[in-house]
Amino acid sequence: MEIPFNRFYLTGNELEYVRQAQLQEHLCGDGPFSRKCASWLEEKTGCRKALLVPSCTAALEMAAMLLDIRAGDEVIMPSFTFVSTANAFVVRGGVPVFVDIRADSLNLDESLVEAALTPRTRAIVPVHYAGVGCEMDALLALAAERGLELIEDAAHGILASYKGRGLGSIGQLAGLSFHETKNVVSGEGGALLINDARHERRAEIIREKGTNRTEFLRGAVDRYSWVDIGSSYLPSEIVAAFLWAQLERSEEITARRLAVWRHYHAGLADLERQGKVRRPVVPQHCGANAHLYYLLLPDEARRESFIRALAKRGVEASFHYVPLHSSPAGRKFGRTHGDLAVTDQVACRLVRLPLWTAMEPAVVDHVLQAVEEAARSF
Ligand SMILES: *Cc1c(COP(=O)(O)O)cnc(C)c1O
């Protein structure tokens, strides 16, 4: 059996909604499907306002524009994340300051953030790794005390929660991703979630090429013009129609992924007891969405041989992430605070197992069997 790492899920309504988007004679952004998606996101995440954008990367870039990030402004973030977390700020001249992660959730270690702040710090960007919430209460308190903005990278976070609050509804701004590899997909796609009224009007302007066209369309002004910086951050109705077919079924998608996740988690308990692997840790107060399932191996050598042994059994597993502070651009544009020991440890020991929405229990069992065999050698 060949088991791929990921398979995107289709609800079956995608093409029908795309057909409707064509028939409704509104193909550019912010038509009926975009409005449905945005209202749904506002209702389900609890954010103040949701704007569909082409990607989570675009949402984070908009956040950097909204904050007026200038050359030399510092932004606190984990190094254990995808490049976009940093790039979005670097393109505005910002300097990513990489802080270590917690050994349990693999999220930004909130206890290390305060010592990393300088007079140039403008924002903190926690990344909810694997859809597990960061320690937002501590970060919110620190951000409020020091006058910093909190920008959630909630690319993994759709329908997950922290102390009952939807991920993406907690910081001033947040980004969601609907990339093909995430839980809810539109090929490429994302949303900017806004929770601070201060950012609302300008976000609409930046998204509409620096014009107040959104206000014009609402009838609030009788013409629109160029009023600020901006770019083209509206996805078309074709993308929004596809996305709507996914969002309206996303609770079911999450439930199915959670079933796969729990199947893995139960099946790997013995190996953890034997000390061969460490399973993911989800704090009690976090509602998870099973974005991914990972294991921590004892060391890098065993991680490499483990991935090879799985591949021999037809199972495609993969690592996560090359830490940004050790990548060429990270070294050039960012700086580190402290030694990032947990980040370096985790990045060379982590393996992600195949997980997709429609993964059948027999396929999960096949992976579990392969994992057991692969772990026998150490
Ligand atoms: C996928 C991902 C992104 C980027 O999302 P896009 O929608 O592909 O731009 C950003 N941050 C994290 C943590 C991600 O996993």
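Higher on the page you've got the structure.
Residues numbered from 1 in each chain as written. Predicted model: local features only at pLDDT ≥ 70, side-chain atom pairs only at ≥ 80, totals over all residues. Heavy atoms only, no water.

What follows concerns the environment of Ala 374. Within the secondary structure, Ala 374 sits in helix H15 (residues 361–376). The exposure class of Ala 374 is buried, given its relative accessible area of 4%. In this structure the C-alpha to C-alpha distance between Ala 374 and Asp 228, which are 146 residues apart in sequence, comes to 57 Å. When neighbours within four sequence positions are excluded, Ala 374 is seen to be in contact with Phe 306, Ala 309 and Leu 310. (Helix = DSSP H or I, 4+ residues; strand = E, 2+ residues; numbered from the N terminus. Buried < 20%, exposed > 50% of the residue type's maximum accessible area, 1.4 Å probe, protein only. Contact = heavy atoms within 4.5 Å.)

The next thing to look at is the packing of aromatic side chains. Taken as a whole and assessed by the stated rule, the structure comprises nine aromatic pairs. Seen from their ring centres, Phe 80 and Tyr 321 are 5.2 Å apart, and the 75° between their planes marks the pair as edge-to-face. Of the two residues, Phe 80 is situated in the loop between strand S2 (74–78) and helix H4 (83–90) and Tyr 321 in the loop between helix H12 (300–312) and helix H13 (328–333); the sequence distance between them amounts to 241 residues. Assigned by exposure class, Phe 80 and Tyr 321 land together as buried. Here Tyr 129 and Tyr 321 contribute two aromatic rings whose centre-to-centre distance is 6.0 Å and whose plane-to-plane angle is 65°, an arrangement assigned as edge-to-face. You can see Tyr 129 sitting in the loop between strand S4 (121–124) and helix H6 (136–146) and its partner Tyr 321 sitting in the loop between H12 and H13, a full 192 residues away along the chain. Each member of the pair Tyr 129 and Tyr 321 is classed as buried. Grouped by ring-pair contacts, the aromatic residues Phe 80, Tyr 129, Tyr 294 and Tyr 321 constitute a single cluster. (Phe/Tyr/Trp six-rings, centres within 6.5 Å; stacked < 30°, edge-to-face > 60°.)

This brings us to the layout of surface pockets. In this structure, the largest pocket encloses a volume near 550 Å³. In terms of residue count, the dominant contributor to the lining of the largest pocket is helix H3 (residues 56–66) (three residues). When residues of the lining of the largest pocket are assigned to domains, at least three fall in each of domain 1 (14–248) and domain 2 (250–375). In this structure, the second largest pocket occupies an estimated 300 Å³ of space. Along its surface, the second largest pocket is lined by 15 residues, and Asp 30, Arg 35, Lys 49, Thr 214 and Arg 218 are the ones closest to its centre. Sorting elements by how many residues they give to the lining of the second largest pocket places helix H2 (residues 32–45) first, with five residues. Here the residues of the lining of the second largest pocket sort into five nonpolar, three polar and seven charged. (1 Å grid on protein atoms, 1.4 Å probe; cavity = no way out; pocket = protein on both sides within 12 Å on 5 of 7 lines; lining within 4 Å. Points joined across faces, edges and corners; volume = space filled by probe spheres on them. Domains from an automatic or database assignment. Nonpolar A, V, L, I, M, F, W, Y, C, P; charged D, E, K, R; others polar.)

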